[in-house]
Amino acid sequence: MQESQANNMHLTMCYDDELKKPQPFKATEIDTHGAYDLEFFTVDGELYLAVANSKTTTQPWPTFVFVESAIYRWDNGDFVLQTQTDVTYGASGWEHFVIGDDHYLALAIHETDQSPDRYITDSYVLKWDNNTRTLQEHQAIETNGAYDWKHFEIDGSHYLVVANNHAKSVVYIWKPTLNKFVEYQHIDSTNAVHWEHFTIGNEDFFAVSNKRVDALSTVYRWENQTMVEYQRLNKTNIAHIEHAVIDGVHYLAAAKGGSYVDDQESAFYRFENNAFVDFLRVNTSDAYSWEHFEVNGIHYFAVANSVKVPGGGQTYSVVYRWENGTLVEQKRYETNYATDVKYFEVGGVNHVIFAEIGNVDTKSRVFRDPQLPPLCEGISS
């Protein structure tokens with residue numbers, strides 16, 4: 001186990017006047033309810049978006065009604081509802097994967113009611129029916145406050161790992177003879193909310209985000225067909241870790257969660273000398289997610305901020321541009337308790353989509369932004 005070391009490198013901001021107010025980008029809305037997670041997948045050239053809806057407030061606060069999640073299909077510039085299934089109530093995360101010629105979606109169910117044991121429930125592996133363009137239940141797996149699934153394939157074997165928020169995380173392995181996943185390994189995580197899988201050279205690594213004020217997030221390495229603890233990062237209360245490779249260098253972007261703590265800096269770690277070292281700090285506001293993407297050779301990081309900046313005011317989620325080993329603020333988007341952000345490109349047009357919980361009946365928005373490359377020309381970093 002290795003502990004990461006902190007340094008004093010900080011974020012470079014772009015203070016162009018136009019970036020201090022909401023950007024008038026064209027946006028469309030998706031009818032979501034307490035959206036937690038977004039997952040894109042493609043089947044036979046068709047682009048789909050899976051949205052994990054958690055709950056809605058059809059009754060006075062704080063009474064919730066748990067709602068179905070949904071699959072949308074991209075059609076002539078908009079997402080249209082494709083299918084829903086009644087096993088998706090109280091969802092918090094989707095994961096798409098392919099085994100052979102079959103498409104699957106693993107769905108994490110965080111809670112299904114308001115009873116004391118509401119977190120102990122079934123999450124699901126769903127199989128895509130290409131004839132009807134619908135999801136069929138394939139396997140139920142008992143989870144405990146699940147937030148996220150991650151699929152990975154090593155040496156021809158397929159695995160799923162679930163981020164249980166109220167118990168240990170669990171790795172499952174696909175058994176072709178049984179046509180289902182079976183338990184494989186238990187991981188001693190603490191209030192886990194997200195798993196990330198990535199490779200460095202010929203080695204497989206995993207990062208679990210432990211979202212608790214006294215829990216460090218952890219990097220694991222695959223050794224002898226199991227996950228083995230490799231390094232603990234020096235940040236607590238992490239909601240999401242995003243892996244990125246820029247100019248051959250590996251980075252981890254850790255989204256700092258928790259609006260009730262003073263430390264609101266998200267952290268970037270750089271892999272050097274066989275360890276992830278603290279490289280860059282970014283002021284965020286109860287960040288739920290980072291998204292790394294590249295447009296025309298330029299690298300970007302988008303962050304989903306969920307609460308207002310210190311001192312009040314509007315909540316902004318932000319897209320940053322990577323420049324010379326630091327981040328430059330590119331654009332701000334008004335968001336309402338954003339929990340996830342994804343980038344996608346269709347027909348040469350760039351899009352950014354945010355999952356927004358808001359008052360749990362807030363719609364999520366897709367921003368069409370064909371001028372994503374630099375707005376801040378001439379601003380020194």
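Please read these numbers as outputs of a predicted model, since none were measured by experiment. (Residues numbered from 1 in each chain as written. Predicted model: local features only at pLDDT ≥ 70, side-chain atom pairs only at ≥ 80, totals over all residues. Heavy atoms only, no water.)

### Concerning a negative patch on the surface
For the record, the criterion: A patch consists of residues exposed above 30% relative accessible area that lack any salt bridge, with like charges linked at up to 9 Å and nonpolar side chains (Val, Leu, Ile, Met, Phe, Trp, Tyr) linked at up to 5 Å. Surface accessibility follows the Shrake-Rupley procedure with a 1.4 Å probe radius. Residue values consider only the protein chains on display as shielding. Criterion for a salt bridge: a side-chain nitrogen of Lys or Arg within 4 Å of a carboxyl oxygen of Asp or Glu. Neither His nor the chain termini are counted; the positive set is Lys and Arg, and the negative set is Asp and Glu. To locate a charge, take NZ of a lysine, CZ of an arginine, CG of an aspartate or CD of a glutamate. Note on conventions: DSSP H or I runs of at least 4 residues are helices, E runs of at least 2 residues are strands, and numbering of each starts at the N terminus. Between buried and exposed lies partly exposed: a residue is buried under 20% and exposed over 50% of the maximum accessible area for its type, with that area taken using a 1.4 Å probe on protein chains only.
Among the surface-exposed residues, Asp86, Asp122, Glu137 and Glu142 lie close enough to one another that they form a single negatively charged patch. Among the structural elements, Glu142 can be located in strand S10 (residues 134-144). Assessed through its relative accessible area of 58%, Glu142 is described here as exposed.

### Observations regarding the pairing of strand S14 (residues 180-187)
For clarity, the threshold we go by: Whether two strands pair depends on DSSP finding at least two bridges between them.
Two strands pair when backbone bridges link them, and strand S13 (residues 169-175) and S14 are joined in this way by 7 bridges, in the antiparallel orientation. Counted as the bridge partner of Tyr172 is Glu183 from S14. Between the antiparallel neighbours S13 and S14 lie 4 residues, among them Asn179 with a positive phi of about 60°.

### Describing the side chain of His292
Selection criterion: Whenever two N or O atoms come within 3.5 Å, that pair is a polar contact, provided that in protein one can donate a hydrogen and the other can accept it, and provided that, for residues adjacent in sequence, both atoms are side-chain atoms. Contacts: residue pairs with any heavy atoms within 4.5 Å of one another.
By secondary structure assignment, the location of His292 is in strand S23 (residues 287-295). Side-chain polar atoms of His292 contact the side chain of His299, separated by 2.9 Å. In this view, His292 contacts Glu242, Ala244, Val245, Ile246, His299, Tyr300 and Phe301; residues no more than four positions away in its chain are not counted.

### Thoughts on the sheet that holds strand S3 (residues 35-43)
The test is simple: Lines fitted to the C-alpha atoms define the axes, with helices restricted to the stretch that makes contact. Angles between their N-to-C directions range from 0 to 180 degrees.
In space, the 4 strands of this open sheet follow the order S3-S4-S5-S6, with antiparallel pairing throughout. This sheet does not close on itself; its edge strands, each paired only once, are S3 and strand S6 (78-84). Put simply, the sheet's adjacent strands are angled 30° from each other on average, direction ignored. Relative to strand S4 (residues 46-53), S3 runs antiparallel, the two being bridged by 8 bridges. Of the residues in S4, the one forming a bridge with Phe41 is Tyr48.

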